[in-house]
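Analysis of the macromolecular model
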Amino acid sequence: MVEWKKLGEVCEVLRGKRLTKSQLNETEGYPVLHGGSTPMGYYSDYNRKANTTVVVNTGNAGSVFFYDKEFWSSDACFSLYPNKGIIDKYLYLYVYGCEKILKGKIRAGAMPTIDANTVASLIIPIPSLSEQERIVGILDTFTASIDNIKAQIEQRRKQYEHYRNTLLTFNKDDDSVEWKTLGEITNISRGKRVVRRNLSESGLIPVFQNSLKPLGFTNESNYPANTTFIISAGAAGDVGYSFSKYWGADDCFSILTDEDLHSRFVYHWLKKNEVYLQSRIRGGAIKRLSRDIINELPFPSIHFSRQQEIVSILDTFEASITNLEAQLERRQKQYEYYREELLTNLS
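The text that follows walks through the structure, step by step, so that each part is easy to find. (Residues numbered from 1 in each chain as written. Predicted model: local features only at pLDDT ≥ 70, side-chain atom pairs only at ≥ 80, totals over all residues. Heavy atoms only, no water.)

**Quick notes on the sheet that holds strand S2 (residues 11-15)**
Stated formally: Here, strands pair whenever DSSP counts at least two bridges between them. Helix and strand assignments come from DSSP, with helices taken as H or I runs of at least 4 residues and strands as E runs of at least 2, each series counted from the N terminus. The axes are straight lines fitted to the C-alpha atoms, using for helices just the contacting stretch, and the angles between their N-to-C directions are given from 0 to 180°. Contact definition: two residues touch when any of their heavy atoms are within 4.5 Å.
Strand order in the open sheet formed by four strands is S2-S8-S5-S6, with antiparallel pairing between adjacent strands. Looking along the sheet, the strands with just one partner apiece sit at the ends: S2 and strand S6 (64-67). For this sheet the average axis-to-axis angle between neighbouring strands, irrespective of direction, equals 30 degrees. The pairing of S2 with strand S8 (residues 77-82) spans five bridges and is antiparallel. Looking at the pairing, Leu14 lines up with Ser79 of S8. Each of strand S5 (52-56), S6 and S8 touches helix H2 (residues 88-96); the most contacted strand, S6, lies at about 160 degrees to it.

So this is what it looks like as structure tokens:
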């Protein structure tokens, strides 16, 4: 038998207390949560116990997260303390599933807010404690798997960066390396503007404009497969690579190579220099990376066989990361499916 009750009937909705910045320090004490799960600082005391469900009420209002350590809650957060008939983690899982409802009831203004009555009025099903434990156990298994995959991805990224930095660090006195500029050794081509309303949401030819995520899709390409590109506005300085033909728009510089220069070698070299490119962005409201900065980037010209060796090693790491990211996406979808099934089919 499942009872349905208002959240305010089965738990306390507690608003936190504001602290001034002068009361905080950067590292010592209990985390202070203001508008999310990232601490704004640390304080000598706490006002909330570990394993608490938190609803943000200001700024990113309506967001829900679970905090597993003692913390200080500011007045931008509501903390939910359930009665003895509800497991902490079960409460979180259900309320997290209500984020869209909460965000739909935000009071608009200079600072979006949500009030305690809105949170307290949510309707929550209360199954038996054993059923709550079963649900939490199943979903925690998925969460542990997701966290494990995330850790593997982070480890592979660090390995990739280590080997990339090692393999692509050349001695200036090495006679086998001829230093040129990127503009001398490649053709740096600016794309052509497209009208967004003419694009589709899916298709074979992606359009890259101001992000590594396609702006949309079209029926024709202006650049070949296996080409490196650099975003020049928006996510300026980000380096991408397309294994398929694509359309590069006017905020996208494509790096075209001849036969004695491996396109993936160019890609890995530019990824190594991505932070530098991002540091050279200039402009006002719209930040831009100029063609001159890209043209003048130093580039090591080495024998093609050596390029291939380096590319083979680095591509192995990237392929491993890509496979893990695909696993992560599948596992997250499984988690979402089972959470929906378990929390909506209660009887």
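There is more to say, and it comes next.
**Side note on the sheet that holds strand S12 (residues 205-208)**
Strand pairs in the sheet, formed through backbone hydrogen bonds, run parallel or antiparallel to each other. As summarised here, the arrangement of the three strands in space is S13-S12-S16, forming an open sheet in which the pairing is mixed. Single-partner strands in this sheet number two, and they are strand S13 (216-218) and strand S16 (247-248). Sheet topology places S12 next to S16; two bridges connect them, and they run parallel. Across the sheet, residue Val207 finds its bridge partner in S16, namely Trp247.

**Observations concerning the packing of helix H7 (residues 263-272) against helix H10 (residues 304-344)**
Rules: Should the near helix be turned anticlockwise from the far one by less than a right angle, the crossing is left-handed, and should it be turned clockwise, the crossing is right-handed.
Contact pair H7 / H10: the axes reach a minimum separation of 9 Å and the direction vectors enclose 65 degrees. Of the two possible hands of crossing, H7 and H10 adopt the one that is left-handed. Between H7 and H10, the contacting residues are Arg264, Phe265, Tyr267 and His268 on the first element and Gln307, Ile310, Val311, Leu314, Asp315 and Glu318 on the second.

**Some words on the pairing of strand S17 (residues 252-256)**
Selection criterion: Burial classes: relative accessible area under 20% of the type maximum marks a residue as buried, over 50% as exposed, and values in between as partly exposed (1.4 Å probe, protein chains only).
For S17, a buried count of four out of five residues is recorded, marking the element as mostly surrounded by other parts of the structure. Here strand S11 (residues 187-190) runs beside S17; their pairing, made up of four bridges, is antiparallel. The partner of Asn187 across the bridge, within S17, is Leu256. As paired elements, strand S14 (residues 227-231) and S17 share four bridges and run antiparallel to each other. The residue bridging Phe229 from the neighbouring strand is Ser254, located in S17.

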